[in-house]
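# Structural features, examined
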Amino acid sequence: MPIINSLAEYADDIAHWRRDLHRNPELLYDLERTAGIVAEKLREFGCDEVVEGIGRTGVVGVVKGREEGETVIGLRADMDALPIQEETGKPWASEVPGRMHACGHDGHTAMLLGAARYLAQTRNFAGRAVLIFQPAEEGGAGARAMIEDGLMERFGIVEVYGMHNMPGLPVGQFGIRSGPLMAAADHFSIQIEGKGGHAAKPHQGVDPVLVGTEIVGALQSIVARNVDPLKNAVVSVTTFHAGDAFNVTPQRATLTGTVRTLEPGIRDLVERRMSEMIPAIGAAFGATARFTYKRNYPVTVNHAEQTEKAIEVARSVVGEKAVLTDNPPMMGGEDFSFMLEARPGAFIFVGNGDSAGLHHPAYDFNDSAIPYGASYWASLVERLMPA
Ligand code: NI
């Protein structure tokens, strides 16, 4: 069973929905239009149940197979866009200044809608398919909000699957691996309190800019000298704010940044070393350096058994050679990780071809990936819950 023929026939419709979503991007939980369209289409397709407002603006559609079954599989798409000014020049470019679908969630939503229409028409499976459309993947932990709203229990979800498009992976290919696939994405902030004064009298003050630069330099030693060289970690200081005038030593400086790790032990190690180093460096210079660390998205860990199933299904769509089963882990974060902590499942990449990278102003979801992604979803339901 390669690409499902009727889904290939739907591909133009799905692309049309995708471009409409692309023109009208919405952010985080503010998905009134997007979630409204999703719910309306799910009803129009004849889903057995359509529930709105799960995790604030999340939408869930349920399709029952033609036979009863024990298994209930959750398929998840994300719906939110990003605060980026689009530079694609495409006819369907964003009509909202400063916002665009730069991560392809428009494509994810449209492909899952396409699969929903097919499944509701054919129902060639035994059990229930739960179609999950989540808000706020881009930093708002929408997956967690839906889980806290009872997503898994309410719909009896047994296994859960996610998909993301991947620039650089050819269209018609899938990439996946068992175990950690995407990183834990944490953020931190550092408040340095020095002693401001006249820049010509540095000896009378405590310069928070100097303290900050010492901290930025010292933090690099965590990855270079504390983390096992065969393991992975990223420690990046991404903002550094201090001072307003060339002739004034500022009173304080504020730094923020992100930490990415693939294993809980490494995550603990990095946080611990930062908490030891930062106040100590401040004290060494006569300043106070306060450190706060916020654990955000956990590591996205694919479960072994469900990864095997996902590989088998992806191979059924595109053939054995087109499924990369040892996709290298990536240091980006993904809040599907919360769903994989709640239920066994797997997250897969679908090739977006030679496009600009995710979160780039020239990025666009590749509509030629639609038949593959939508067929993967439909095949997952039919093969994992055979009638
Ligand atoms: Ni994304």
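A brief look at the structure comes next. Since the structure is predicted, the reported quantities are computational estimates derived from the model, not experimental observations.

### Examining the packing of aromatic side chains
Under the counting rule described, the total for this entry stands at eight aromatic pairs. Aromatic side chains F174 and Y376 sit 5.4 Å apart centroid to centroid with 40° between the ring planes, which places their arrangement in the tilted category. Here Y376 lies in helix 10 (residues 370-384) and F174 lies in strand 6 (residues 174-175), a separation of 202 residues in the sequence. For F174, a relative accessible area of 0% translates into the label buried. Classification of Y376 as buried rests on a relative accessible area of 0%. Feature note: the residues F174, Y376 and W377 constitute an aromatic cluster, connected by ring pairs. Over the ring of Y29 we find R56; its NZ or CZ atom is 4.0 Å from the centre of that ring.

### A few points about helix 1 (residues 5-23)
Spanning 19 residues, helix 1 covers 28 Å between terminal C-alpha atoms, matching the ideal 27 Å at 1.5 Å per step. The largest bend in helix 1 comes to about 45°, at A11. Residues L7, Y10, A11, I14, A15, W17, R18, L21 and H22 constitute the buried set of helix 1.

### Regarding the sheet that holds strand 13 (residues 288-297)
The strand order across the open sheet built from four strands is 10-12-8-13, with neighbouring strands paired in antiparallel fashion. Only two strands of the sheet have a single partner each, and these edge strands are strand 10 (233-242) and strand 13. Sheet twist, expressed as the average angle between the axes of neighbouring strands with direction ignored, equals 15°. For strand 8 (residues 184-193) and strand 13, the ladder comprises eight bridges, and the chain directions are antiparallel. Each residue of the ladder has a partner; that of A185, found in strand 13, is Y297. Packed on one face of the sheet, helix 6 (residues 208-226) meets strand 8, strand 10, strand 12 (252-261) and strand 13 and runs near 175° to strand 10. Each of strand 8, strand 10, strand 12 and strand 13 touches helix 7 (residues 264-284); the most contacted strand, strand 13, lies at about 165° to it.

About the cut-offs
- Residues numbered from 1 in each chain as written.
- Predicted model: local features only at pLDDT ≥ 70, side-chain atom pairs only at ≥ 80, totals over all residues.
- Heavy atoms only, no water.
- Phe/Tyr/Trp six-rings, centres within 6.5 Å; stacked < 30°, edge-to-face > 60°.
- Helix = DSSP H or I, 4+ residues; strand = E, 2+ residues; numbered from the N terminus.
- Buried < 20%, exposed > 50% of the residue type's maximum accessible area, 1.4 Å probe, protein only.
- Lys NZ or Arg CZ within 6 Å of the ring centre and 35° of its normal.
- Expected span 1.5 Å × (residues − 1).
- Bend = angle between axes of the 7 residues up to and from the residue.
- Pairing = 2+ DSSP bridges.
- Axes fitted to C-alpha atoms, helices over the stretch in contact; angles between N-to-C directions.
- Contact = heavy atoms within 4.5 Å.

This is a description of form; function is not addressed.
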